[in-house]
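Here are the chains, one letter per residue:
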Amino acid sequence: TVSRIRKKARILTLTKVIEVKEGSVVVLEQEGKRTEIPASTVVVATGLSSRKDLVEPLDQAGVDYYVIGSCNKPGQIEDAISEAFRLGCSL
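Each chain carries its own residue numbering, running from 1 in the direction its sequence is written. Per-residue local features of the predicted model are confined to residues with pLDDT of at least 70, and side-chain atom pairs are confined, for both listing and counting, to 80 or more; whole-chain, interface and lining totals are unaffected and use all residues. Water and hydrogen atoms play no part in the side-chain values, which are based on all heavy atoms of the structure.

This part is about the side chain of Thr 35. Tracing the chain through its elements places Thr 35 in strand 3 (residues 34-38). The contacts of Thr 35, once residues within four sequence positions are left out, are Val 25, Val 26, Val 27 and Glu 29. Here a strand is any run of E in DSSP of at least two residues, a helix any run of H or I of at least four, and the numbering for each starts at the N terminus. The contact criterion used throughout is that any non-hydrogen atoms of two residues lie within 4.5 Å.

Below, the structure is given as structure tokens:
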């Protein structure tokens, strides 16, 4: 559940990932402020539309990533949440 995730992860909304670095992620907040956040794992949820255009840049950068939910195959939101939770627990 979200409450269990919040205990172990920082959830940012209305935030754009600018760069993923070794040990951190750089984000652009809604107000236009750039912030670098220490992170060993970054989960990007892009909303209701699939963002398969992100796969190639991640491949080129040599970043480990997982494609889940509707980006992998069309489905129901409950299935995507469950898949994301299982993946998060395995990391």
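Another point: the sheet that holds strand 3. Two strands are said to pair when DSSP picks up at least two bridges between them. Taking strand neighbours across the sheet as the criterion, the three strands line up as 1-2-3 in an open arrangement whose pairing is antiparallel. One side of each edge strand has no neighbouring strand; the edge strands of this open sheet are strand 1 (16-21) and strand 3. Direction aside, the axes of adjacent strands within the sheet are offset by 25° on average. For helices, the fitted axis covers only the stretch in contact; all axes are lines through C-alpha atoms, and the angles between them, taken along N-to-C directions, range from 0 to 180 degrees.

With that settled, the discussion passes to the side chain of Ser 24. Positionally, Ser 24 belongs in strand 2 (residues 24-28). When neighbours within four sequence positions are excluded, Ser 24 is seen to be in contact with Glu 36, Ile 37, Pro 38 and Ala 39.

In short, shape yes, function no, at least from these values alone.
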